[in-house]
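# Working through the structure, step by step
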Amino acid sequence: MGKRRDSDPDSEYGEPAPYDPTFNGPINKRGCTDIICCILFMAVILGYMAVGILAWLYGDPRHVLYARNSTGWYCGTGPNKDKPNLFYFDILKCATSINIMATALNGLQCPTTQVCVESCPSTFWAVGLKAFSEEDKAKVFNQSLCVPSINLENTKFTVKQIIDNELCPFFHIPTTPVLGRCLPDVTALEGIPSEFSNVPGLPTSINDTANLIKNGTGDILNGFNARDVGVRIFEDFASSWPWILLGLLIAMVVSLLFLLLLRFTAPVLVWVLILGVLGVGAYGIWHCYWEYDNHKQMSASINDIGFTTNFSVYLQVQETWLAFLIIISVVEAILILTLIFLRTRILIAIALIQESSKAVSHIMSALLYPVVTFVLLLICVAYWGATALYLATSGGPIHRVVALNSTTGDCMSINGTVDCDPQNFSSSDYPGCPSARCIFIKYDDESLLQKNLFNLQIYNAVAFLWCVNFVIALGQCTLAGAFASYYWAFNKPDDIPMFPVSGGFIRSLRYHVGSLAFGSLILTLVQIVRILLEYIDHKTREAQNPVARFILCCMKCCLWCLEKFIKFLNRNAYIMIAIYGKNFCVSAKNAFSLLMRNVVRVVVLDKVTDLLLFFGKLLVVGGVGVLSFFFFSGRIPLPGSTFRSETLNYYWMPIITVVFGSYLIALGFFSVYSMCVDTLFLCFLEDLERNDGSLQKPYFMSKNLMKILSKSNKAPKRDKR
């Protein structure tokens, strides 16, 4: 065997694995691999946990979930539990940028008094000129809309003083609650009362008032008007969820049946798909010749047209269709010749696909493992999202004294420069500026935690990517160990070990965390570089010239190809790790050398499998999607069913949900099957190099594969299938 390989031009890719009489599948006697990377990964996980604890201790998501009133209390919780909405006294100050502090405020804060209210005002109201002489302030103002510190029954303030000090609003318009804030109902502004033109503090023109509110808050409202749409969508899900689950169940059954029936239908499907591709090419040749013949009488040529960006013009020229005819004919000829010369390898690919279907039928528990991967990925995403949210809200709010009427000297000297505590603030402390208020400016960014907040968010993102890639690697190594146990069982299914999936999972976690972390780290680093490149491209897009755009495009393309290659290499390295228990670098080298020694078989199997799995996904997603469309649109009502499509506000939402869910289900099932094909293929190549069919070195491959290769075993083989 060695001498024959020495003369093989492919010997530069290493020597085949030597025969081992004790080898019968994934070895049990193995040790821990890539210990240094394992320690590094554990240290990163511990650091990740420390970052999460730090964020949890100092973060406060209520900054995002709840609105704050002018005194710093949250609406909808604590003492304001029954008052979930934030009301702005003078919404015009939120709509204009004339005030100096208006541009300094973040979020939906603005330089006017804000109070928590039980419900948002839904009518037009304003203080009239006669109200200024009113002694009973309770008849002028609504106590529920005033600041809690004032009691209209006992206050000594006059109406003018109440308005000047913003203790109560002097007007309000119809508003609607949006994310806990009372924002103007733009649709109601058309009916603004005429008396609003006589209200002090408002524009004299009614249209000016309406336009000012529209211009300042229209974009906000347009961005959040989806709330009503969201409610309707929720109602649709509430009424159709049993049928959505039924659609997903159908997708699951169809995916499972497709994979199990491939052992019988794979040859037919593969050849039908191949002949379909050739048929499409033949039709293209005929159509191009037909167009070429029709344009033969045209006097215009390609030289007459010259260069133009209107591609349809070229379709009216005879030379264009001649070029298409030549290109498609060459491609068709290449496909036919490839089919002729690689027919044996196509048969091997079909046999491996059939063998994979048998393996899945014997190890049905492998189809449940994507659920484990999904749960672990969900945990990673949830932890990353929660940590990012807590970190982003870890800074304490900073409040400063702001003068609502900053025309006087005393007001101008304190405006936005003095820190304050909104819960203990009193405007009486500033007698020279009675309109002083303590309002939120920004979140603290001067503390040690805040100065390192960006670095912590970067750490959160990098650790998240590493964990996600590790979870995927763990799943691939686990499934590889299970399916390798199937292949190297000489008498199937009697020699298949008990609980092969559990065995592969335990071996991966016990011995190979370091190797899986190593491969995941390499992939993570490439992904980080890709993200940075996308960020640079996004930030510099406006300043880029064509040369810079071309260079960035080439760099992104190269990194995309590199990421795909590393994923391919890692996948096969994990298979070798699951079988032989060696470290990542040795496993990757052995896997790559083995594949390069059989590169033609690799390409054929990869393309045939991709074609078949693409057809399977199309069948599952397309079939279930069409079925759900006809059902949810009411075209095929089920007899005896209480569900009616007329009750849905947006019937396309359940359809999209079913289609997306069907795709995820098909992706989960087919990822297991794809891993099975890749594992059995590597085992098959190892089997060919290790064994020769003799009594001492019998083949472990199926009888169908041996028949295709014109090989046989001298030792009897009990294959119960």
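Cut-offs applied
- Residues numbered from 1 in each chain as written.
- Predicted model: local features only at pLDDT ≥ 70, side-chain atom pairs only at ≥ 80, totals over all residues.
- Heavy atoms only, no water.
- Helix = DSSP H or I, 4+ residues; strand = E, 2+ residues; numbered from the N terminus.
- Buried < 20%, exposed > 50% of the residue type's maximum accessible area, 1.4 Å probe, protein only.
- Contact = heavy atoms within 4.5 Å.
- Salt bridge = Lys/Arg side-chain N within 4 Å of Asp/Glu carboxyl O.
- Phe/Tyr/Trp six-rings, centres within 6.5 Å; stacked < 30°, edge-to-face > 60°.
- 1 Å grid on protein atoms, 1.4 Å probe; cavity = no way out; pocket = protein on both sides within 12 Å on 5 of 7 lines; lining within 4 Å.
- Points joined across faces, edges and corners; volume = space filled by probe spheres on them.
- Nonpolar A, V, L, I, M, F, W, Y, C, P; charged D, E, K, R; others polar.
- pLDDT = per-residue confidence, 0-100.

Turning our attention to the overall build of the chain. When you go through the chain residue by residue, the secondary structure sums to 23 helices and eight strands. Across the 721 residues of the chain, 45% fall into the buried class. The contacts in the chain between residues at least 6 apart in sequence include a share of 73% that link residues at least 24 apart.

For the structure shown, the criterion picks out nine salt bridges. Between Lys358 and Glu355 there is a salt bridge, with the nearest N and O atoms lying 4.0 Å from each other. With Lys358 and Glu355 both in helix H12 (residues 343-362) and three residues apart, this pair spans about one turn of that helix. A residue is classified by how much of its surface remains accessible, and Lys358, at 17% relative accessible area, is buried. Looking at Glu355, the relative accessible area reads 3%, which means it is buried. For the salt bridge of Glu689 with Arg597, the shortest nitrogen-to-oxygen distance reads 2.9 Å. Here Arg597 lies in the loop between helix H20 (584-596) and helix H21 (599-632) and Glu689 lies in helix H22 (residues 652-690), a separation of 92 residues in the sequence. We classify Glu689 as buried; its relative accessible area is 7%. Overlapping salt bridges bring together Arg530, Glu563 and Lys567 as one network.

Our next topic: unusual backbone geometry. Positive phi outside glycine occurs at Asp34, with the angle close to 50°. By the element assignment, Asp34 lies in the loop between helix H1 (2-6) and helix H2 (35-58). The phi dihedral of Phe499 is positive, around 50°, even though this residue is not glycine. By the element assignment, Phe499 lies in the loop between helix H16 (453-487) and helix H17 (500-511).

Tallying each qualifying case throughout the model produces 17 aromatic pairs. Each ring, one from Trp286 and one from Trp290, has its centre 6.5 Å from the other, and the planes form 15°; the classification is stacked. Pair noted here: Trp286 and Trp290 are both in helix H8 (residues 226-294), with a separation of four residues, about one helical turn.

Inspection of every chain in the model, using the stated rule, returns three cavities of 30 Å³ or more. In this structure, the largest cavity occupies an estimated 60 Å³ of space. Around the largest cavity, the lining residues are Phe87, Tyr88, Phe89, Ile91, Phe171, His172, Ile173, Thr175, Cys182 and Pro184. Residues that form the lining of the largest cavity fall into these classes: eight nonpolar, two polar and no charged.

Before going further, it helps to examine the confidence of the model for the chain. Per-residue pLDDT for the chain has a mean of 78; in total, 76% of the residues score no lower than 70. For residues 1-10, every residue scores under 50 in pLDDT, and the model assigns this stretch ten contacts once sequence neighbours within four places are set aside. Confidence drops under a pLDDT of 50 for residues 223-227, and excluding neighbours within four residues, the segment shows three contacts in the predicted structure.

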